[in-house]
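What follows is the residue order along each chain.
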Amino acid sequence: MSPRKLLLATRNPHKVSEIVELLQGLPLEVSSLLDLGIASLPGEDDVEVFSTFEQNALAKARFYRMHTGLDVVADDSGLCVDALEGGPGVRSRRFAADHGMEEGNQDAANNQCLLRLLEQVEDEGRGAHYRCALACVTAERTLVVGGRVDGRITRSERGRGGFGYDPLFLLPDYGQTFGELPPEVKAEISHRAEAIRSFRRWLEPLELQELSR
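The structure contained in this document is the topic of the report that follows. (Residues numbered from 1 in each chain as written. Predicted model: local features only at pLDDT ≥ 70, side-chain atom pairs only at ≥ 80, totals over all residues. Heavy atoms only, no water.)

Next up on the list: the environment of glycine 146. Relative to the helices and strands, glycine 146 resides in strand S6 (residues 142-153). Owing to a relative accessible area of 34%, glycine 146 belongs among the partly exposed residues under this scheme. Separated by 118 residues in sequence, glycine 146 and leucine 28 place their C-alpha atoms 21 Å apart. Apart from the residues within four sequence positions on either side, glycine 146 is in contact with Cys132, Ala133, Glu194 and Ala195. (Helix = DSSP H or I, 4+ residues; strand = E, 2+ residues; numbered from the N terminus. Buried < 20%, exposed > 50% of the residue type's maximum accessible area, 1.4 Å probe, protein only. Contact = heavy atoms within 4.5 Å.)

Moving on: the nonpolar core. Formed by 21 residues in total, the largest nonpolar core has its most connected members in Leu79, Val81, Leu114, Tyr130, Ile153, Phe169 and Phe178. Elements represented by at least two residues in this core include exactly strand S3 (71-81), helix H3 (95-98), helix H4 (106-117), strand S5 (127-137), S6 and strand S7 (169-171). Here this core gets four residues from one element, more than from any other, and that element is H4. The residues contacting isoleucine 153, other than those within four sequence positions of it, are Leu79, Val81, Leu114, Leu118, Arg126, Ala128, Leu168 and Phe169. Counting 19 residues, the second-largest nonpolar core is a separate cluster that includes Leu23, Leu26, Cys136 and Ile196. (Core = buried A, V, L, I, M, F, W, Y, C linked by side-chain atoms within 4.5 Å.)

Bringing the pairing of strand S2 (residues 28-32) into the picture now. With five bridges connecting them, strand S1 (residues 4-8) and S2 associate as parallel partners. Counted as the bridge partner of arginine 4 is leucine 28 from S2. Running through helix H1 (residues 13-22), the crossover from S1 to the neighbouring parallel element S2 is right-handed. (Pairing = 2+ DSSP bridges. Right-handed = clockwise from strand over helix to strand, strands pointing away.)

Helix length check: helix H2 (residues 53-68) (16 residues) gives 22 Å between terminal C-alpha atoms against 22 Å at 1.5 Å per residue, within 8%. Within H2, burial applies to Phe53, Asn56, Ala57, Leu58, Ala59, Lys60, Ala61, Phe63, Tyr64 and Arg65. Looking at the packing, one finds that the buried side of H2 touches S1, S3, S5 and S6. Residue glycine 69 follows H2 closely and has a positive phi angle near 75°. (Expected span 1.5 Å × (residues − 1).)

Turning next to empty space enclosed by the protein. Summed over the entire model, instances satisfying the criterion amount to two cavities of 30 Å³ or more. Of the voids in this model, the largest cavity is the one considered here, and its volume is about 50 Å³. In terms of lining residues, the largest cavity is bounded by 10 residues, among which Arg4, Cys136, Thr138, Trp202 and Leu203 are the most central. Elements supplying a minimum of two residues to the lining of the largest cavity: S1 and helix H6 (191-212). Per-element tally for the lining of the largest cavity: the top contributor is H6, with four residues. For the lining of the largest cavity, the per-class residue count stands at six nonpolar, one polar and three charged. By volume, the second largest cavity is sized at about 30 Å³. Counting residues per element, the lining of the second largest cavity draws most heavily on S3, which supplies three residues. (1 Å grid on protein atoms, 1.4 Å probe; cavity = no way out; pocket = protein on both sides within 12 Å on 5 of 7 lines; lining within 4 Å. Points joined across faces, edges and corners; volume = space filled by probe spheres on them. Nonpolar A, V, L, I, M, F, W, Y, C, P; charged D, E, K, R; others polar.)

By themselves, these are just geometric observations and shouldn't be taken as functional.
What follows is the structure, encoded as structure tokens:
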């Protein structure tokens, strides 16, 4: 039986590598928008307009399913900081731009924006969590699952691993940020890993059914 084709609705190479690694062992042929050479589509920038990660992930999966006809997995992930009343949340990628601070590298700008806004916040008030919503849309089924990991925001970047806010996101039980933790540890405990595990539990019985036909 040929592997199921699955489109990852992202052009972020870091997300692609994380998700592909977490899906290892399943009979899937996984491609990203970059892999398939899918350039920006009309209306693409207007898809993620909702107030929750789940709504945005589902809208994105449906959008690319409609345009490609492929089974699609899309995620919407972000950082929620207690002192910012849950922000930047669904605006995590556009955080610095929303504050008029975007310049050069987007990740660097977002991190500097976050540090500036939390400059006067004491350590006990720097709690935060990462959220991930993962949506899968096929011709027959739709699934939305989620994951969460709790931590706090450091006062400066630590480590060169990961991406996004990872160098600022400290895991107290490990005493390291996601930027410092080995990739294999992050792959076990991250918000995206938790969501992918739920996805795998949903997908594996379907694959067994296909194989038994």
